[in-house]
Amino acid sequence: MTDLDVMTLRTAYDNQLRPEIPDPVPAGVTVERDGPLVRIIGLDAGGFLTYRDLGGLTGDALDELIARQVELFRERRQSVEWKLNEHDEPADLADRLRAAGFVAEERETVVIGPVAPLAAALPVVPEGVRLREVTSRTDLERIAAMEEEVWQEDRSRLVWGLAKEIDADAHSITVVVAEADETVVSAGWVRFPRNTGFGTLWGGSTLPQWRRKGIYRALVTYRARLADQRGRTLLQVDASEDSRPILQRLGLVPVTTTTPYVYTP
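Predicted model only: the values in this text are computed from it and were never measured. Here the residue numbers are simple positions, counted from 1 along each chain's written sequence. Only residues with pLDDT of at least 70 are given local features in this predicted model, and only at 80 or more are side-chain atom pairs given and counted; all residues enter the totals for whole chains, interfaces and linings. Side-chain metrics rest on all non-hydrogen atoms present in the structure, leaving aside hydrogens and water.

(A) Expanded view of the nonpolar core. Throughout, nonpolar core names a set of buried Ala, Val, Leu, Ile, Met, Phe, Trp, Tyr and Cys residues whose side chains join them through atoms within 4.5 Å. Throughout, exposure labels follow a simple rule: accessible area from a 1.4 Å probe, protein chains only, divided by the maximum for the residue type, with under 20% read as buried, over 50% as exposed, and the rest as partly exposed. One finds Leu140, Ile143, Val175, Leu235 and Leu247 to be the most contacted residues of the largest nonpolar core, which totals 46 residues. Under the DSSP-based scheme used, a helix requires at least four consecutive residues in state H or I and a strand at least two consecutive residues in state E, with every element numbered from the N terminus. Here the element with the most residues in this core is helix α7 (residues 215-229); it accounts for 9 residues. The residues touching Leu247, leaving out its near neighbours within four places in the chain, are Val111, Tyr216, Val220, Val237, Ala239 and Leu252. Of all hydrophobic cores here, the second largest spans 19 residues; its members include Ile41, Tyr51, Leu54 and Leu62. Two residues form a contact once any of their heavy atoms are found within 4.5 Å.

(B) Empty space enclosed by the protein, seen in detail. Of the two site types, the cavity is a set of points on a 1 Å grid over the protein atoms alone where a 1.4 Å probe fits but cannot get out, and the pocket is an open set with protein on both sides within 12 Å along at least five of seven lines, each lined by residues with an atom within 4 Å of a point. Grid points are joined across faces, edges and corners, and a volume is the space filled by probe spheres set on the points. Following the criterion strictly, the structure yields 1 cavity of 30 Å³ or more and no others. Estimates place the volume of the largest cavity at around 40 Å³. Taken together, Arg18, Glu20, Thr50, Tyr51, Lys83 and Asn85 form the lining of the largest cavity. Side-chain classes follow a simple rule in which Ala, Val, Leu, Ile, Met, Phe, Trp, Tyr, Cys and Pro form the nonpolar group, Asp, Glu, Lys and Arg form the charged group, and the remainder, Gly included, forms the polar group. Along the lines of polarity and charge, the residues of the lining of the largest cavity split into 1 nonpolar, 2 polar and 3 charged.

(C) Main features of the layout of surface pockets. Space inside the second largest pocket adds up to approximately 210 Å³. Around the second largest pocket sit 14 residues that line it, and Asp53, Leu54, His87, Asp88 and Glu89 are the ones nearest its centre. Its residues placed into classes, the lining of the second largest pocket shows 4 nonpolar, 4 polar and 6 charged.

(D) A look at the environment of Gly28. As for its placement among the helices and strands, Gly28 is situated in the loop between α1 (3-17) and β1 (30-34). Since its relative accessible area comes to 64%, Gly28 is described here as exposed. Sequence separation of Gly28 and Leu65 is 37 residues, and the distance between their C-alpha atoms is 25 Å. Here Gly28 is in contact with Ile41, Gly42 and Lys164, once residues within four sequence places are set aside.

(E) Structural view of the packing of aromatic side chains. Stacked, edge-to-face and tilted are the three classes for Phe, Tyr and Trp ring pairs, Trp counted by its six-membered ring, which pair at centre distances within 6.5 Å; planes under 30 degrees apart are stacked, over 60 edge-to-face, the rest tilted. Counted by the stated rule, this structure contains 3 aromatic pairs. Here Trp82 and Phe102 contribute two aromatic rings whose centre-to-centre distance is 6.2 Å and whose plane-to-plane angle is 80 degrees, an arrangement assigned as edge-to-face. Pair noted here: Trp82 is in strand β4 (residues 80-85) and Phe102 is in the loop between α3 (93-99) and β5 (103-104), with a separation of 20 residues, a long-range link. Each member of the aromatic cluster is reached from another via a ring pair, and the members are Tyr51, Trp82, Phe102 and Tyr263. Directly above the aromatic system of Trp210 lies the positively charged group of Lys213, at a separation of 6.0 Å from the ring centroid. Any Lys NZ or Arg CZ that is within 6 Å of a ring centre and within 35 degrees of that ring's normal is treated as a charge sitting over the ring.

This is the structure:
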């Protein structure tokens, strides 16, 4: 893959997927604009800040924009995530976020690749495991319970967050579980952003005793087939360091990194 190809993929990511605004907007979710910044409230336990770019803001004007977000979420007594990509400008944006009280969480790698080769591969799952598409609240609660076991933290927000998206437009997202008997051992979902060529992959947490058996890879190829059926030509993932090597072996290419900067009142 040449540098030009990487730049082409990154440009497609910037132009088609950013800012990351739910469409349609689920009930109870508000989308507000503050200059180049898009503020989303009600989709998760806290707020989310996203943008295509910051329109050339620098210096005091940028600090004022950041300060307005801090003040608003301080008054709301809610945390808020500012999603910072490695290639965002200005170069000192991360420093300005830290100065305003935002704290960096774990960095992920944005990887993108073609749908067709993955869609052509049949999902291969270990014996005794099946993949199943789900929409019910009961199944979403089973996914949250699995993630809580993996991460040892409350994941109840997943239930109502995914439920809101499904209720708003069941065709915009598909949730898939990997089950062994009555146990959810892994789960992932694919979103189909409107007016783009992308399917975007999320989730993928797997119970420790079920790792290294090909389940994550099977979930990726299954969702790639769903994206192919929708006419999508590219897959995008914000990949952890655990999943990035697998996704690169499957043909996805790193184009940038993304770091959540979180302000907590």
